[in-house]
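Remarks on the overall topology
Now for the letters of each chain:
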Amino acid sequence: IDEAEALASIGELGRKLALTAVLLVLFAFAAAMVFSRTITRPVARLSESSRALANGNLETEINTTGIDEIGDLARDFENMRLALKKMVKELEEANAGLEQRVAERTAELESSEQKIKAIIESAAEAILVVDENMEILLWNPGAAQMFGYTAEEARGRSIMEFVPEAYRAGHA
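So, a few notes on the structure that sits alongside this text. In this text the structure is predicted, and so the values were computed from the model without any measurement.

Scanning the protein chain from N- to C-terminus turns up four helices and two strands. In terms of overall dimensions, the protein chain is more spread out than a globule: its C-alpha atoms have a radius of gyration of 44 Å, far above the 16 Å expected for 172 residues. On the principal axes, the C-alpha backbone points of the protein chain span a range of 145 × 30 × 25 Å. Across the 172 residues in the protein chain, those meeting the buried criterion constitute 15%.

Spelled out as structure tokens, the structure:
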């Protein structure tokens, strides 16, 4: 065998090895892409679901089919979503109950206020209510008859204007 013939087979072997190396690199790259997608897709879905959850959307179910750590994390997120959904429902029910109780108490207070107002308005005696500055807040018809001023005229004025001079020292 001459040298050129020996080198030709080595050259052919080198080309085959280079082609095999290129094919192996391409196969490894394709396998890496497929493998990375098996990781990134579930992470992307979980990320999207967690954003929806963070934005208050408790209706979007979280895919929990994975059997790896990402699947475990997804199940934890789904359990959290269900717990939050239950808590929100309970709060809404409690709120509705409180609103009903407030409405009932408001009606009771309005009824009580009407009764007290009727008593004050129908009393023959003078009934006055003043604030901390001694300004008249309430003046019933009995007070109007006693002092000669209507409620509109008396309201906002100092009670001291209606107390005789001789008694003012005891009311100051």
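Quick look at the nonpolar core now. In this structure, Ile136, Trp139, Ala143, Ala151, Ala154, Ile159, Met160, Phe162 and Val163 together form the largest nonpolar core, which totals nine residues. Secondary structure elements with two or more residues in this core: β2 (136-139) and α4 (151-154).

Applying the stated criterion across every chain yields a total of six salt bridges. Across the pair Lys85 and Glu59 runs a salt bridge, and its minimum N-O distance is 3.1 Å. Taken together, the positions of Lys85 in helix α2 (residues 69-122) and Glu59 in the loop between α1 (3-54) and α2 put the pair 26 residues apart, joining distant regions of the chain. Classification of Glu59 by relative accessible area gives exposed; the value is 56%.

Our next topic: α2. Counted at 1.5 Å a residue, the expected span for α2 with its 54 residues is 80 Å, and the 78 Å between its end C-alpha atoms agrees. Where α2 is buried, its residues meet α1, β2 and α3 (141-147).

The next thing to look at is the environment of Gln145. Note on placement: Gln145 falls in helix α3. In this structure, the C-alpha to C-alpha distance between Gln145 and Ala28, residues 117 residues apart in sequence, is 105 Å.

What follows concerns the side chain of Asp131. Along the chain, Asp131 falls in the loop between β1 (128-130) and β2. Nearest to the buried, unbridged Asp131 among oppositely charged side chains is Arg155, at 11 Å. At 2.9 Å, the side chain of Asp131 and the backbone nitrogen of Asn133 are in polar contact.

Conventions adopted
Residues numbered from 1 in each chain as written. Predicted model: local features only at pLDDT ≥ 70, side-chain atom pairs only at ≥ 80, totals over all residues. Heavy atoms only, no water. Helix = DSSP H or I, 4+ residues; strand = E, 2+ residues; numbered from the N terminus. Rg over C-alpha atoms; globule rule 2.2 N^0.38 Å. Buried < 20%, exposed > 50% of the residue type's maximum accessible area, 1.4 Å probe, protein only. Core = buried A, V, L, I, M, F, W, Y, C linked by side-chain atoms within 4.5 Å. Salt bridge = Lys/Arg side-chain N within 4 Å of Asp/Glu carboxyl O. Expected span 1.5 Å × (residues − 1). Contact = heavy atoms within 4.5 Å. Lys, Arg positive; Asp, Glu negative; His and termini not counted. Polar contact = N/O pair within 3.5 Å; in protein donor to acceptor, adjacent residues only side chain to side chain.

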